[in-house]
Amino acid sequence: MNDPYEKIRQRREQWQEKTVKKALERFPYLKEAPSRFYTPLDTRDFDFLTQVGFPGEYPFTASVYPFDPRAGTARMAARAQSGSGLTRASGYSGYGTPEDTRDYYKQNISRGGRQGPNLALDLVTQCGYDSDNPQMAGEVGKVGVAIDTLRDLEITYEPYQGELNLDRIASNFTINGPAIYFIAMYAALAENRGIPLDKLQATPQNDILKEYIARGAYIFPPKKAMRLFRDTLVFINQHIPRMNITSMGGYHIREAGASRVQDLAYSMAIASAYLQEGVNAGLEVDSFAPRFTFNAMGGSMEFLQEIAFQRASRRMYARLLKERFGAKNPRSMLLRMNMTAHIGPSSTTKQRPLNNLTRAVLGAVAGALSGGPPSAFPPYDEPLGLGWSREAQQLSQDVGRILTCEAKLLEVEDPFAGSYCIESMTDEIEKEAWAELEKLDKMGGIVSAIDQGYVQREVTRNAYDHQKKIASGETLVVGVNCFTGEHELEVQTTRLVPHPYDPDRRARAEERQIANLKEVKKNRDNKEVQKLLVELKQQAQKEDVNLVRPLITCAKAYVSLQEVCDVFRDVFGEYDPPSIF
């Protein structure tokens, strides 16, 4: 039987020997063709229904939804008042004291914003300490808002009353190590306002495993931290059904230096570990998996590869849920993310920062072509300091509007479906990620691999290799290691409005927050606090006790974040990272 690809194979060999070889003779400094041409030989086993399917249907390669409604509502959105329509959290934000962040949100609301907070927490909060801890001096309110007790959440949410009350908005919380207590504080805030927990919409990041690999905001040993994750999963599943359980962050792993394949493999391994916690707790996977989300995955300037990566990610996650966990509900198999392809903050540069807008536009186009929205993330001034300027935010928003309303990129779903190039790249990325995931499985899973230092070591090695290539000039970054001559221009924008984060407030935030915490500790019922902490320790020592409800009680008594975390430190211990080299 004749091989239908034989003629193409022969013609490719002739092309390489004649056409390509002849062209290379004109460029003696090139040893081989600097680009690749894909043919049907690269996708010879391609099966459309198995490998792509239709948008919104398994295996969700093309998209997790059948279409993007923004393609049909763009004209209405263009004429609507700012901020109308969506019930979801606003842009990542927060700084200084709760009063500072409250006033920031008040300004947003006064300009027509109707979205709930997407809270950035300072490192003191993220690591489970109080603002008055002497070891935290200099960090309070610096990279996010300081939250020590329920009082601080009450202040932060003062603008959200009436038609913007907690049951009418969605909130995001970037918190992981002490996420269980933050969730408990939010539940306490709602109950104190008389709002039933089943009316709350929110997304806590609650992704502790990536902290050991990437961000470093961990507190307890991984296995003990997974107990806390299990407790949040079970409690949310039973009492707060409209709250997402986790927002996993493969993009954080990429930002730490992981390769594209490592990003995907480690993200899938982390998702597997979280899913298994729910199954081990006796829950049906379809009862909770639909509320697993990802805040982002991927992130680089490699345009075509990032499109293929997003397609591979959706397909791999769907297969993981269906084949490994036996999910039957298609919603369990959706890799839910607010954005798909993007460039990642590490692709931005402090040198010639307006070039970051050009980079972000490419990321936004890739996002639209990879089954998601055209998100020009991050705003161009990302590397210049905390908080994006309103000018940068305006330009980023307009990129998405132009690509939707003018370029009309959302009018075709997965336009590269069937492309020899993209399908080949998609298959290759997924195949390599499965191989790495299987390696982790043989180690006992992602938690064991973290305990052994394997994952951290691999990411660190790749980060070193990447930076070494930039330093040597093998990887080119415009304005950093190339095109840096004296005649190049440092183009800047004109500031039209003050920066949304008041620098004077930031400078005085620590002093004011320590005074706030001192006042809370003075006025609360400290005998009740001590009683609750003793009880919490006893409950934490029992593996089968769910700690969320006791923590809600602690929150209502204004027990501080560090007081809770210190109890857990005493019971669970603190994480001591292994040596990775």
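Analysis parameters
- Residues numbered from 1 in each chain as written.
- Predicted model: local features only at pLDDT ≥ 70, side-chain atom pairs only at ≥ 80, totals over all residues.
- Heavy atoms only, no water.
- Helix = DSSP H or I, 4+ residues; strand = E, 2+ residues; numbered from the N terminus.
- Rg over C-alpha atoms; globule rule 2.2 N^0.38 Å.
- Contact = heavy atoms within 4.5 Å.
- Areas by Shrake-Rupley, 256 points an atom, 1.4 Å probe, with all protein chains shown as cover.
- Lys, Arg positive; Asp, Glu negative; His and termini not counted.
- Charge placed at Lys NZ, Arg CZ, Asp CG, Glu CD.
- 1 Å grid on protein atoms, 1.4 Å probe; cavity = no way out; pocket = protein on both sides within 12 Å on 5 of 7 lines; lining within 4 Å.
- Points joined across faces, edges and corners; volume = space filled by probe spheres on them.
- Nonpolar A, V, L, I, M, F, W, Y, C, P; charged D, E, K, R; others polar.
- Buried < 20%, exposed > 50% of the residue type's maximum accessible area, 1.4 Å probe, protein only.
- Pairing = 2+ DSSP bridges.
- Expected span 1.5 Å × (residues − 1).
- Patch = residues over 30% accessible without salt bridge, like charges linked within 9 Å, V, L, I, M, F, W, Y side chains within 5 Å.
- Salt bridge = Lys/Arg side-chain N within 4 Å of Asp/Glu carboxyl O.
- Core = buried A, V, L, I, M, F, W, Y, C linked by side-chain atoms within 4.5 Å.
- Axes fitted to C-alpha atoms, helices over the stretch in contact; angles between N-to-C directions.
- Parallel < 35°, antiparallel > 145°, perpendicular 65-115°, else oblique.
- Left-handed = near helix turned anticlockwise from the far one by under 90°.
- Phe/Tyr/Trp six-rings, centres within 6.5 Å; stacked < 30°, edge-to-face > 60°.

**Some remarks on the overall build of the chain**
- Along the chain, the regular secondary structure elements total 22 helices and six strands.
- For the chain, whose C-alpha radius of gyration is 25 Å, the value lies close to the compact-globule estimate of 25 Å for 581 residues.
- Looking at the chain alone, contacts between residues at least 24 apart form 78% of all its contacts between residues at least 6 apart.
- Of the roughly 27100 Å² that the chain leaves accessible, carbon and sulfur atoms contribute 51%.
- The average position of the 72 basic charges and that of the 75 acidic charges among the side chains of the chain differ by 2 Å.

**Here we look at the layout of surface pockets**
- Counted as a void, the second largest pocket has a volume near 1100 Å³.
- For the second largest pocket, the lining is made up of 31 residues, of which Ser-300, Ser-347, His-466, Ile-470 and Thr-475 are closest to its centre.
- Contributing elements (two or more residues each) for the lining of the second largest pocket: helix H10 (250-255), helix H14 (355-369) and helix H18 (454-472).
- In terms of residues, the lining of the second largest pocket owes the most to one element, H18, which gives seven residues.
- Within the lining of the second largest pocket, the residues separate by chemical class into ten nonpolar, 14 polar and seven charged.

**Some details on the pairing of strand S5 (residues 246-249)**
- Going residue by residue along S5, you find Thr-246 and Met-248 tucked away on one face and Ser-247 and Gly-249 tucked away on the opposite face as well.
- Two strands pair when backbone bridges link them, and S5 and strand S6 (residues 292-296) are joined in this way by four bridges, in the parallel orientation. The partner of Gly-249 across the bridge, within S6, is Ala-296.

**Quick word on helix H7 (residues 179-192)**
- Taking 1.5 Å per residue, 14 residues should reach 20 Å; H7 reaches 20 Å between its end C-alpha atoms and fits that length.
- Of all 14 residues in H7, twelve are buried, a share of seventy percent or more.
- Listed in full, the buried residues belonging to H7 are Ala-179, Ile-180, Tyr-181, Phe-182, Ile-183, Ala-184, Met-185, Tyr-186, Ala-187, Ala-188, Leu-189 and Ala-190.
- Directly after H7, the chain includes Gly-194, whose backbone phi takes a positive value near 80°.

**Observations regarding a nonpolar patch on the surface**
- A grouping of Phe-48, Leu-49 and Phe-54 is seen on the molecular surface, where their side chains present a nonpolar patch of about 310 Å² in accessible area.
- Relative to the helices and strands, Phe-54 resides in the loop between helix H2 (48-51) and helix H3 (70-79).

**Here's the deal with the pairing of strand S2 (residues 116-120)**
- Of all the five residues making up S2, five are buried; the element is thus mostly covered by neighbouring parts of the structure.
- Pairing of S2 with strand S3 (residues 170-174) involves three bridges; the strand directions are parallel. For Leu-119, the partnering residue across the bridge sits in S3 and is Phe-173.

**Focus: the pattern of salt bridges**
- Here the structure, examined in full by the defined rule, presents 43 salt bridges.
- The closest approach of N and O atoms between Arg-102 and Asp-103, which form a salt bridge, is 3.0 Å.
- Taking relative accessible area as the criterion, Arg-102 reaches 15% and is therefore assigned buried.
- Given a relative accessible area of 17%, Asp-103 falls into the buried group.
- For Asp-414, the salt bridge is made with Arg-311, and the minimal N-O distance between the two is 3.0 Å. Of this pair, Asp-414 sits in the loop between helix H15 (390-406) and helix H16 (420-442) while Arg-311 sits in helix H13 (residues 303-324), and the two are 103 residues apart along the sequence. Assigned by exposure class, Asp-414 and Arg-311 land together as buried.

**Brief notes about the nonpolar core**
- One finds Leu-209, Ile-446 and Phe-568 to be the most contacted residues of the largest nonpolar core, which totals 137 residues.
- With twelve residues, the single largest contributor to this core is H7.
- Among residues more than four places away in sequence, those in contact with Leu-209 are Met-226, Ile-270, Ala-273, Tyr-274, Ile-446, Val-447 and Ile-450.

**A look at the packing of helix H9 (residues 222-239) against helix H11 (residues 260-280)**
- With their axes 9 Å apart at the nearest point, H9 and H11 run at an angle of 60° to one another. Accordingly, the angle class assigned to the pair H9 and H11 is oblique. The interaxial crossing formed by H9 with H11 has right-handed handedness. Listed contacts from H11 to Met-226, Phe-229, Arg-230 and Leu-233 of H9 are Ala-273, Tyr-274, Glu-277 and Gly-278.
- By residue class, the composition of the contact of H9 with H11 is five nonpolar, one polar and two charged.

**What to know about H11**
- Helix length check: H11, at 21 residues, gives a terminal C-alpha distance of 30 Å against a target of 30 Å (1.5 Å per residue), a fit within 8%.
- In terms of residue burial, H11 counts as a mostly covered element, since 18 of its 21 residues are buried.
- Just beyond H11, the residue with positive phi is Gly-282, at close to 95°.

**Quick notes on the packing of H7 against helix H21 (residues 548-556)**
- Contact pair H7 / H21: the axes reach a minimum separation of 8 Å and the direction vectors enclose 65°. H7 and H21 meet at a crossing whose hand is right-handed. Contacts between H7 and H21 involve Ile-180, Tyr-181, Ala-184, Met-185, Ala-187, Ala-188, Glu-191 and Asn-192 on the former and, on the latter, Val-548, Arg-549, Leu-551, Ile-552, Cys-554, Ala-555 and Lys-556.
- Looking at side-chain class alone, the contact of H7 with H21 contains eleven nonpolar, one polar and three charged residues.

**Observations regarding the packing of aromatic side chains**
- Summed over the entire model, instances satisfying the criterion amount to 24 aromatic pairs.
- On the basis of an interplanar angle of 20° and a centroid distance of 4.4 Å, the ring pair of Tyr-95 and Tyr-501 is categorised as stacked. Of this pair, Tyr-95 sits in the loop between strand S1 (89-93) and helix H4 (98-110) while Tyr-501 is found in the loop between H18 and helix H19 (503-523), placing the two residues 406 residues apart along the sequence. Of the two residues, Tyr-95 and Tyr-501, both sit in the buried class.

Function cannot be inferred from these measures alone, as they are strictly geometric.
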